[in-house]
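# Chain and residue survey
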Amino acid sequence: PHTRSRRMEPPGVPASSPLAQDGRPPSPTTPDEEPVLHIPPVRAKVSRGVTKVILNVYDLNPTDAKKKYITNANNWSMLVGIGAFHSSVEIHGIEWSFGSSSDKVKAIQPCLPRKCCPNQYSYRLSVDIGTTELDPNEVNDVIAEFCKMEKYFGTSYNLLKNNCNDFSDHLCRRLSGNGIPKWVNRGARTLDKLVEGADSVAKHPVTKSVGKAINVAGQGVKSGVTVGIAAMKKSIEVSSIGLRALVSRIDGMECMGGRRLLQSCYGEESKGMYSAEDSDEELLPPLEEEDDEAPNKGFRVNNRSFASAKQATTSL
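Let us look at the structure shown here. (Residues numbered from 1 in each chain as written. Predicted model: local features only at pLDDT ≥ 70, side-chain atom pairs only at ≥ 80, totals over all residues. Heavy atoms only, no water.)

### Re the nonpolar core
Residues Leu 55, Trp 96, Ile 108, Phe 167 and Leu 171 are the most contacted members of the largest nonpolar core, which totals 25 residues. Sorting the residues of this core by element identifies strand E1 (51–59), strand E2 (85–91), strand E3 (94–98), strand E5 (122–132), helix H2 (136–147) and helix H3 (164–176) as the ones contributing at least two each. With 5 residues, H2 is the largest single contributor of residues to this core. The next biggest cluster of nonpolar side chains, apart from the first, holds 5 residues, and it includes Cys 111, Cys 116, Cys 117 and Tyr 121. (Core = buried A, V, L, I, M, F, W, Y, C linked by side-chain atoms within 4.5 Å. Buried < 20%, exposed > 50% of the residue type's maximum accessible area, 1.4 Å probe, protein only. Helix = DSSP H or I, 4+ residues; strand = E, 2+ residues; numbered from the N terminus.)

### Notes on the pairing of strand E4 (residues 108–111)
The side chains of a regular strand alternate, first on one face of the sheet and then on the other. Burial along E4 is two-sided: the face carrying Ile 108 and Pro 110 and the face carrying Gln 109 and Cys 111 are both buried. Bridge count for E3 against E4 is 4 bridges, and the pairing is antiparallel. Looking at the pairing, Glu 95 lines up with Cys 111 of E4. (Pairing = 2+ DSSP bridges.)

### Observations regarding the pattern of salt bridges
For the structure shown, the criterion picks out 8 salt bridges. Across the salt bridge formed by Lys 161 and Glu 196, the nearest N and O atoms sit 2.6 Å from each other. Placement of Lys 161 in the loop between H2 and H3 and of Glu 196 in helix H4 (residues 182–203) is noted, with a sequence separation of 35 residues between them. For Asp 166, the salt bridge goes to Arg 189, with nearest N and O atoms at 2.2 Å. In this pair, Asp 166 is assigned in helix H3 and Arg 189 in helix H4, connecting sequence segments 23 residues apart. Here the salt bridges share partners, and the residues they tie into one network are Lys 161, Asp 192 and Glu 196. (Salt bridge = Lys/Arg side-chain N within 4 Å of Asp/Glu carboxyl O.)

### What to know about the packing of aromatic side chains
Evaluated as defined, the whole model comprises 9 aromatic pairs. Aromatic pair Phe 98 and Phe 167: ring centres 6.1 Å apart, planes at 45°, arrangement tilted. Linking Phe 98 in strand E3 with Phe 167 in helix H3, this pair joins segments that are 69 residues apart in sequence. Put simply, the rings of Phe 98, Phe 146, Tyr 152, Tyr 157 and Phe 167 pair up and form one aromatic cluster. (Phe/Tyr/Trp six-rings, centres within 6.5 Å; stacked < 30°, edge-to-face > 60°.)

Written out as structure tokens, the structure is:
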């Protein structure tokens, strides 16, 4: 007798439960469920044929974002074959993707084609990868096998080494024998190589030796600067002491210089300009006769000497 064919549902979604509005199946309701996507117990009989394997590529910004910075950047970076993308694999009307999660159930999930996580990704384009002869049930078996792999647990997700594009490439090769275009994951691979290169350079023995040498040199420079500053302070102190002694000696000779100047100008009359209080020494004797053309230089007269000289000039 003729029997009505049963419509296939994606693994993890009961036949009586439609997909959620965002294209994701509802979360498990009991904690004892197997931590993988479930395959319906009743398997429909389908005719074998050739089905397209399609790669859907997304930009890493929400669909309804007002300013799509990643989309704008990818518009230019794609000219040189690189960018920041998310990808999913569409087969038999269901799109499969891999993402980060704290458990195993949410790591690999189905959704409606070109509707993967619209709050995180914005659809860009689709790429025909090839064809497969696997029917929906056989594709479900492949997905169930992937879900049991440790590399596709939610906690194993890595943005650079084990991301959604790596999953898409693995699934496309398993279904059609062809991998995804290299430009889809080139951005993550390039960044991963840069990080590995920087880490390798940092751990290289030569780099460590140079770092130690720079550290020792820095300590030497610091010590040298400290010693130099200390020596400079000591030199300033010594110079200050010598300068004070020189000033004191000049002050002590100032009165004597004033007397000699007055004696040369006024002769004997200048003797009355000084009193005993001006100096502990006795009054200087008259200067010897000197050449009239030789000027008297190098004498400094203090205020008292000028006052006495003014008084003597007025009396004359």
